[in-house]
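Coordinate inspection notes
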Amino acid sequence: MERHPDSAVRIPLRSAAGALTVPASAAPVFAPGRAAAEEVPGPVPESVNIPGIVKPLPAQWFVQRDTNAEMRWESLRDADGEAVVGRHVPVERFFVRNHTSTPLIDPVGWRLKLFGSGLRGAPSPERAVEFALDDLRALPATGIHALIECAGNGRSYFHRQQGRLTPGTPWTLGSIGSASWRGVRLAEVLRAAGLTDAAVDVLPTGLDPDYVVDGTDYGPVRRPLPIAKALDDTLLAYEMNDEPLTPDHGAPVRLVVPGWVGIASIKWVGSIEVADHPLHSPWNTVFYRMYGPGHPPGGGPALTTQVVKSAFELAEGARLEAGREHRLHGRSWSGTAPVRQVEVSTDGGLSWRTAELAEEPCAGDWTRWSTVWRPERPGRYELRARATDRQGATQPEREAFNREGYLFGAVVAHPVTVV
Ligand SMILES: Nc1nc2c(c(=O)[nH]1)N[C@H]1C(S)=C(S)[C@@H](COP(=O)(O)O)O[C@H]1N2
Ligand SMILES: [Mo]
């Protein structure tokens, strides 16, 4: 695959977050604040330092996961339980998943290069059709609301709830965020570049550094996308929450592939190959497939849509006062349909009540909900939330195991202490 080193300045970046370095093992498990103060030994660090991420990473918003920053669900509410984040997660609080590090790209010199056997007259990278940022902005603009969610979101629960260790980033439920995106439909750009009926796959390639693991260089992050999804609702986004994209989230232009695993939404896109035959990269042949019992030896099909999940806007191990009413808040989502119903259990899954939805659910985005709970007696409790989408997909008690721990959709037990 052609690289375009002229269009990116590849400086290994140090976090701008400040002086404190927090080894992953020392990252606090509980949110700083009254409720968890006794559980955190020593002073609470102000920020996490993740080399390769540019934006500041306050420790009350993020947990370090290797090169990635996980959003703390409890940070969506303040110490009094008031919402501080609406439907969309502000850019500064949005989780970051980087295979390597955020490149700083000059938007003026940047060009999107399209080529391949699925285009008329642009057979090779040398004869690519090029679009500058202004060219994309001159095409009809489209705005969408969409989630970006890592395929491994919830992975750590394969271990915690099902006793199965998996390699990979041990996310809890915070490798997800919702934003409004503005850009040009990929369909529009493909047609402007001379798309033919023969096109089968497109392959967007990122301008971030090559992904190297244990001495193997997999090249730049890139993942084929079937032409049907590319032409359906895939966006080439240049704005996130009404601002130009920031470096960590793909500036100047990224893909947003609604409902699909986050890896489809390639950041810092520099080129797109359009082919009249199936395309391959390690991101659809090796990574992001299911392996293990019940899957073919070479792995199952390349992952596409996300499963149904739910999360509470509450710290793990939060302390709640006995004998008074608490409103429990959370969000649920599905990669394939709007949420239909959310049920909550406060007794470890014995009984369930229907939560009140805070908004009309729509496909591709999450739905906020809440329910009231009045715990009478002090003790330890497990909260559970279970969503069902309009196609009837729901969250099982256990998730079928896969070796890499992708798509954990089972109900998550959320421990709290009533005092
Ligand atoms: N070029 C490039 N694109 C990428 C990645 C990456 O490392 N490099 N990570 C992918 C993964 S695995 C996810 S989950 C999302 C995360 O998007 P975010 O960092 O804006 O939250 O970006 C995807 N796009
Ligand atoms: Mo991801």
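The name given to the protein chain in an unreviewed UniProt entry is Sulfite oxidase, with the source organism recorded as Kitasatospora aureofaciens. The Cofactor (unreviewed entry) comment attached to the protein chain in UniProt states, word for word, "Mo-molybdopterin".

A count of helical and extended segments in the protein chain gives five helices and 23 strands. In the protein chain, buried positions account for 58% of the 419 residues. For the protein chain, the share of sequence-separated contacts (at least 6 apart) that also reach a separation of at least 24 residues comes to 72%.

Once that is clear, we can look at the sheet that holds strand β20 (residues 356-357). As summarised here, the arrangement of the four strands in space is β15-β17-β21-β20, forming an open sheet in which the pairing is antiparallel. Looking at the sheet topology across the chains shown, the edges are occupied by β15 (309-312) and β20. As paired elements, β20 and strand β21 (residues 367-373) share two bridges and run antiparallel to each other. Along β21, the bridge assignment pairs Glu356 with Ser370.

Throughout the structure, instances matching the rule amount to 18 salt bridges. In this structure, Arg137 and Glu239 form a salt bridge, with 3.7 Å as the shortest nitrogen-oxygen distance. One end of the pair, Arg137, is in helix α1 (residues 133-138); the other, Glu239, is in strand β11 (residues 235-240), with 102 residues separating them in the sequence. Take Arg137: its relative accessible area is 35%, and that puts it in the partly exposed class. Glu239 sits in the buried class, given a relative accessible area of 16%. One network of salt bridges, in which partners are shared, links Arg87, Glu359, Asp365 and Arg368.

Read across the open sheet, the five strands follow the order β16-β23-β22-β18-β19; overall the sheet is mixed. The strands lining the two open edges of the sheet, one partner per strand, are β16 (318-320) and β19 (353-354). In this sheet, strand β23 (residues 414-418) lies alongside strand β22 (residues 379-389) in antiparallel orientation, the contact comprising five bridges. In the sheet register, Leu383 faces β23, and the bridge partner there is His414.

It is worth spelling out the site of ligand 1 at this point. As a structural note, the neighbourhood of ligand 1 is formed by 20 residues, with Phe95, His99, Asp208, Arg254 and Lys267 the closest of them. The contact in question runs from an oxygen atom of ligand 1 to an N or O atom on the side chain of Arg254, over 2.7 Å. Protein contact buries 100% of the 530 Å² of open area that ligand 1 shows by itself. Along the lines of polarity and charge, the residues of the shell around ligand 1 split into 10 nonpolar, six polar and four charged.

Bringing the pairing of β21 into the picture now. For β21, the tally of buried residues reaches five of seven residues, placing the bulk of the element in the interior. Examined bridge by bridge, strand β17 (residues 326-333) and β21 share seven bridges and lie antiparallel to one another. Bridge assignment links His329 to a residue of β21, and that residue is Ser370.

Let us look at the packing of aromatic side chains. Here the structure, examined in full by the defined rule, presents 17 aromatic pairs. Between the aromatic rings of Tyr211 and Trp283, the centroid separation amounts to 5.9 Å while the plane-to-plane angle is 50 degrees, which identifies the pairing as tilted. Of this pair, Tyr211 sits in the loop between β7 (201-206) and β8 (212-213) while Trp283 sits in helix α5 (residues 282-285), and the two are 72 residues apart along the sequence. Residue Trp283 is classed as buried on the basis of its relative accessible area of 0%. What links up through ring pairs into an aromatic cluster is the set Phe94, Phe95, Trp171 and Trp181.

The next point concerns the pairing of β15. Here β15 shows no split at all, with Lys309 and Ala311 on one side and Ser310 and Phe312 on the other all buried. Pairing geometry for β15 and β17, over four bridges, is antiparallel. Pairing of Lys309 across the sheet is with Trp333, part of β17.

Here we take up the environment of Leu245. Its place among the elements puts Leu245 in the loop between β12 (243-244) and β13 (254-256). For Leu245, a relative accessible area of 8% gives the class buried. Between the C-alpha atoms of Leu245 and Trp268, which are 23 residues apart in sequence, the distance is 9.9 Å. Those residues in contact with Leu245 that sit more than four places away from it in its chain are Trp181, Ala237, Tyr238, Glu239, Met240, Gly250, Ala251, Pro252, Val253 and Arg254.

Among the nonpolar cores identified, the biggest contains 46 residues, and Leu114 and Leu236 are the most heavily contacted of them. Elements represented by at least two residues in this core include exactly β3 (111-115), α1, α3 (186-192), α4 (227-232), β11 and β14 (269-275). With sequence-adjacent residues up to four places away left out, Leu114 is seen in contact with Leu119, Ala122, Ala128, Val129, Phe131, Val189, Leu190, Ala193, Ile272 and Val274. Val85, Trp181, Leu245 and Val256 belong to the second-largest nonpolar core, a separate cluster that totals 33 residues.

Conventions and cut-offs
Each chain has its residues counted from 1, running along the sequence as written. Labels follow written order: the first chain is A, the first ligand is 1, and so on. Restriction of local features to residues with pLDDT of at least 70 applies here, the model being predicted, together with a cutoff of 80 or more for giving and counting side-chain atom pairs; totals for whole chains, interfaces and linings are based on all residues. Excluding hydrogens and water, the side-chain figures rest on all heavy atoms present in the structure. UniProt positions are given in the numbering used here, feature names are shortened, and annotations may be inferred rather than shown by experiment. Every helix listed is a DSSP run of H or I at least four residues long, and every strand listed is a run of E at least two residues long, numbered separately from the N terminus. Remark: exposure states derive from per-residue accessible area (1.4 Å probe, protein chains only) relative to the maximum for the residue type, with buried under 20%, exposed over 50%, and partly exposed in between. Here, two residues are considered to be in contact whenever any of their heavy atoms come within 4.5 Å of each other. Strands are labelled as partners when DSSP assigns at least two bridges between them. Throughout this description, the term salt bridge denotes a Lys or Arg side-chain nitrogen within 4 Å of a carboxyl oxygen of Asp or Glu. What makes a residue near a molecule or strand is one non-hydrogen atom of that residue sitting within 4 Å of it. What qualifies as a polar contact is a pair of N or O atoms within 3.5 Å, subject to a donor-acceptor requirement within protein and to the restriction that residues adjacent in sequence count only when both atoms come from side chains. Using the Shrake-Rupley algorithm and a 1.4 Å probe, accessible areas are obtained, with residue cover drawn only from the displayed protein chains. Each residue gets one label: Ala, Val, Leu, Ile, Met, Phe, Trp, Tyr, Cys and Pro are nonpolar, Asp, Glu, Lys and Arg are charged, and the others, such as Gly, are polar. Side-chain rings of Phe, Tyr and Trp (the six-membered ring for Trp) are treated as a pair once their centres are within 6.5 Å; stacked means planes under 30 degrees apart, edge-to-face means over 60, and tilted covers the remaining angles. Take the buried Ala, Val, Leu, Ile, Met, Phe, Trp, Tyr and Cys residues and link them wherever side-chain atoms come within 4.5 Å; each set so joined is a nonpolar core.

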